[in-house]
Amino acid sequence: MSHSSLSEQQRASLLEQCAALDTASLSDALDSLGIDAGLLGIVQQVPGTRCSGFAFTVLYEPVDHSDGFKNAANYIDEVPPGSVVVSSNAGRLDATVWGDILTHVAVQRNVRGTVIDGVARDLDTVTRLQYPLFSRGRFMQSGKNRVQLKATQVPVEIGGVTVNPGDLIVGDASGCLVIPADKAEEVIQRAIAVENTERDIIASVGQGLSLAEARRLHRYDQPWLAAAAKTPSAA
Amino acid sequence: MSHSSLSEQQRASLLEQCAALDTASLSDALDSLGIDAGLLGIVQQVPGTRCSGFAFTVLYEPVDHSDGFKNAANYIDEVPPGSVVVSSNAGRLDATVWGDILTHVAVQRNVRGTVIDGVARDLDTVTRLQYPLFSRGRFMQSGKNRVQLKATQVPVEIGGVTVNPGDLIVGDASGCLVIPADKAEEVIQRAIAVENTERDIIASVGQGLSLAEARRLHRYDQPWLAAAAKTPSAA
Amino acid sequence: MSHSSLSEQQRASLLEQCAALDTASLSDALDSLGIDAGLLGIVQQVPGTRCSGFAFTVLYEPVDHSDGFKNAANYIDEVPPGSVVVSSNAGRLDATVWGDILTHVAVQRNVRGTVIDGVARDLDTVTRLQYPLFSRGRFMQSGKNRVQLKATQVPVEIGGVTVNPGDLIVGDASGCLVIPADKAEEVIQRAIAVENTERDIIASVGQGLSLAEARRLHRYDQPWLAAAAKTPSAA
């Protein structure tokens, strides 16, 4: 199921469900399906923010100076609302591919966040606007004349994981992960079960059970199953 | 002096004294005794928190898949109040060994903090609970089926320094260090003298002395000595 | 133009102008002049702080133990108001060269911030005082008996860029950069033009232009030119 094959209503429903789910629960759901999903090395830059949305991918490459002057990329004009921009700069730390202008335009276009395999600048503005930005770090040197846009809406690889255009991206204080679009519904249902299982375990511990007892009672070996679907505990 | 050889009253007294001491002062005291103590690479994850407590050590190893399914570890049920959990995962960054369930149980058991040679998840929850967590970083992928518990309450090595069960662990915004249990009393006395010396120096500078004069006056070459024990300054 | 060749009034004027400029705009201005300026790897340690001032450089080297006991360095007594201390410890992560005493004295002397190619300690105090500190990280082990002062007010290299005594240093949430003293006036004028150009672009996007249109209108290919000096847009 590619991005375009989801109806607006399906997209809105997925985003609404994701908004209430942690990356940890989603990761457990993805693990239960054997899908590698965590973007290793990508770190939340604005404390307290989180994001979820459909990947709009952007691929940069080092500048080819034989081509003459390179203007800044204006791809943001094409990013639809509900997107998370996923910008690959090969992990490069000395040339930024995100800053205050893009942040202002993104906020105005209801873009839901940005993930950068590299660095961003204007972090004071990004923080003031509480814009969800995830990257390897921060620097202030422009990408202009250092890197150039190679392509948009192509698959990009970050930390060993491939992000395809239209995949679901979720980010919080623990990091960012990618959910393949055609698995999103199943992953979300399992993640909801994981969160319910964990809530039950925490409640049982609060009532005096040991963690071992609580985990056995609530089947922490199968947390992605809804309570009704779980094999009754032997305990 | 192993952990068990301290009386409850001695333990409480050490913890109370440590609660008022910075890692910097404790490190200077440990330096004065020739003891390497700083856990290099371990970083405070929740700004504004600090912790001190007796090490309960946990050692993980990569999963041996020939053993079949591995459940999550429930060691937290055995951690006594006043402990700091010290969890060694060999610095691994892609598999977490701490998350929201352990945090909730730790808070409930009056565990005073956690140090991870590796990464943790559910940082939004950890931050909301203001739980003192120190680690190499953050990620969201579970350790389940990636790493398994090898042992508890054994010596572990973090950043080149050995942590023994029952050692005193102190962490603040500058990082974490370990105080051998049998040296804790001496280290704390010296650290108190260091802090008094520094307070006197800062006060003297505030009254107009140069730093050179203030340091000479208050014997910054021997900051771990109580004022009465210091050789009078030549100044 | 060396530091000493600027009048007090010129110095005050440069500082006042810099206080309103982001490192991103200054970096674009420096790029337009072909000057490498960003200190790669140096990170803001106290969120929300920024600094600008004239570099007072400090160079450390590993302790030569054949020399006997080394006292802490007291160079801070000589740092003039309006300075930023730039302390080079060769990127070393296990021995601090900044802490609470230096912070207190710096605040008292109207020193405007500190940049460390290495690590600092007493981050709780530094944060409480909202002192602008930029470094590779944090640790608690003293530099005492690990490193020693080699020289002050000599050129130092940080992240591939040379900082000369008297250069202008500016730091914010995106990092730190150095502006050669004899280029400071020109760099600041260009940075002001960059900020005006960006403000105009953001305003135009707010009024409904695409980013491509807004950048063309406001000549984002020459952002460092004042509006009056720009070639009229072809758009």
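Residues numbered from 1 in each chain as written. Chains lettered and ligands numbered in written order. Predicted model: local features only at pLDDT ≥ 70, side-chain atom pairs only at ≥ 80, totals over all residues.

- In the nomenclature of an unreviewed UniProt entry, chain A is known as Putative 4-hydroxy-4-methyl-2-oxoglutarate aldolase of Pseudomonas chlororaphis.

1. As for the overall build of chain A
Then, in step 1: Within chain A, the regular secondary structure consists of six helices and 11 strands.
Then, in step 2: With the principal axes as the frame, chain A shows a C-alpha extent of 70 × 35 × 30 Å.
Then, in step 3: Taking the contacts inside chain A whose residues are at least 6 apart along the sequence as the reference set, 74% of them involve residues at least 24 apart. (Helix = DSSP H or I, 4+ residues; strand = E, 2+ residues; numbered from the N terminus. Contact = placed C-beta atoms within 7 Å.)

2. Details of the relation of the copies chain A and chain B
Then, in step 1: Each copy superposes on the other: chain A lies on chain B with an RMSD of 0.0 Å after a rotation of 120 degrees and an axial shift of 0.0 Å. A rotation of that kind, with that shift, is consistent with a three-fold axis. By C-alpha distance to the rotation axis, the residue of chain A lying nearest is Pro47 of chain A, at 6.0 Å. (Least-squares fit on C-alpha atoms with pLDDT ≥ 70 in both.)

3. Here's the deal with the interface of chain A and chain B
Then, in step 1: Contact residues are listed per partner, giving 24 residues for chain A and 24 residues for chain B.
Then, in step 2: Counting residues per element, the ones that place at least two in the side of chain A that touches chain B are helix H2 (23-32), strand E11 (175-179), helix H5 (184-206) and helix H6 (211-217) of chain A.
Then, in step 3: Looking at side-chain class alone, the side of chain A that touches chain B contains 10 nonpolar, seven polar and seven charged residues. (Nonpolar A, V, L, I, M, F, W, Y, C, P; charged D, E, K, R; others polar.)

4. A short note on the UniProt feature "binding site: Mg(2+)" (unreviewed entry) in chain A
Then, in step 1: Sites flagged by UniProt as "binding site: Mg(2+)" (unreviewed entry) map to Asp122 of chain A.
Then, in step 2: With respect to the helices, strands and loops of the structure, Asp122 of chain A is situated in the loop between strand E4 (113-120) and helix H4 (123-128).
Then, in step 3: Leave out the neighbours within four places in its chain, and Asp122 of chain A touches Gly99, Asp100 and Thr103 of chain A together with Asp22, Ala24 and Ser174 of chain C. (UniProt positions renumbered as here; feature names shortened; annotations may be inferred.)

5. Section: the packing of H2 of chain A against H5 of chain A
Residues and elements named next belong to chain A.
Then, in step 1: Put simply, H2 and H5 touch, their axes get as near as 8 Å, and they point 120 degrees apart. Considering the angle they form, H2 stands oblique to H5. Crossing hand, H2 versus H5: right-handed. Here Ser25, Leu26, Asp28, Ala29, Leu30 and Ser32 of H2 lie close against H5, whose contacting residues are Val187, Arg190, Ala191, Val194 and Glu195. (Axes fitted to C-alpha atoms, helices over the stretch in contact; angles between N-to-C directions. Parallel < 35°, antiparallel > 145°, perpendicular 65-115°, else oblique. Left-handed = near helix turned anticlockwise from the far one by under 90°.)

6. Some remarks on the interface of chain C and chain A
Then, in step 1: Of the residues lining the interface, 24 residues belong to chain C; the matching set on chain A comes to 24 residues.
Then, in step 2: If you list the elements that add at least two residues to the side of chain C that touches chain A, you get helix H2 (23-32), strand E10 (175-179), helix H5 (184-206) and helix H6 (211-217) of chain C.
Then, in step 3: Of the residues that constitute the side of chain C that touches chain A, the class distribution is 10 nonpolar, seven polar and seven charged.

7. A few points about the domain arrangement of chain A
Then, in step 1: When the domains of chain A are assigned, the result is domain 1 (36-179) and domain 2 (187-229).
Then, in step 2: Taking the mean C-alpha position of each, domain 1 of chain A and domain 2 of chain A sit 35 Å from one another. (Domains from an automatic or database assignment.)

8. Comments concerning the UniProt feature "binding site: substrate" (unreviewed entry) in chain A
Then, in step 1: Mapped onto the present numbering, the UniProt feature "binding site: substrate" (unreviewed entry) falls at Gly99, Asp100, Ile101, Leu102 and Arg121 of chain A. Annotated residues spanning 23 residues; largest pairwise C-alpha distance 10.5 Å, indicating a single compact cluster.
Then, in step 2: Assignment of secondary structure puts Gly99 of chain A in the loop between strand E3 (83-96) and helix H3 (100-108).
Then, in step 3: With 23 C-beta atoms packed within 10 Å, Gly99 of chain A lands in the buried category.
Then, in step 4: Filtering out sequence-adjacent residues up to four positions away, Gly99 of chain A remains in contact with Ala120, Arg121 and Asp122 of chain A together with Ala24 of chain C.
Then, in step 5: Looking at where Arg121 of chain A falls in the secondary structure, it is placed in the loop between E4 and H4.
Then, in step 6: Ignoring sequence-local partners within four residues, the contact set of Arg121 of chain A consists of Thr96, Gly99, Arg138, Phe139 and Met140 of chain A together with Ala24 and Ser174 of chain C. (Buried ≥ 20, exposed ≤ 12 C-beta atoms within 10 Å, placed from the backbone.)

9. A word on H3 of chain A
Then, in step 1: The element H3 of chain A is largely enclosed, with a buried count of seven among its nine residues.
Then, in step 2: Asp100, Ile101, Leu102, Thr103, His104, Val105 and Ala106 of chain A are the residues of H3 of chain A that are buried.
Then, in step 3: On its buried side, H3 of chain A packs onto E3, E4 and H4 of chain A together with H5 and H6 of chain C.
Then, in step 4: A positive backbone phi angle near 60 degrees is found at Asn110 of chain A, which sits one or two residues after H3 of chain A.

10. Regarding the pairing of strand E9 (residues 168-172) of chain C
All names here are of chain C.
Then, in step 1: Across the five residues that make up E9, a large majority, five, are buried.
Then, in step 2: Residues Leu168, Val170 and Asp172 of E9 are buried on one face, and the alternating residues Ile169 and Gly171, pointing to the opposite face, are buried as well.
Then, in step 3: Bridging between E9 and E10 involves five bridges; their strand directions are antiparallel. Bridging from a neighbouring strand, Gly171 pairs with Cys176 of E10.
Then, in step 4: Once E9 ends, the chain turns through two residues before running back antiparallel as E10. (Pairing = 2+ DSSP bridges.)

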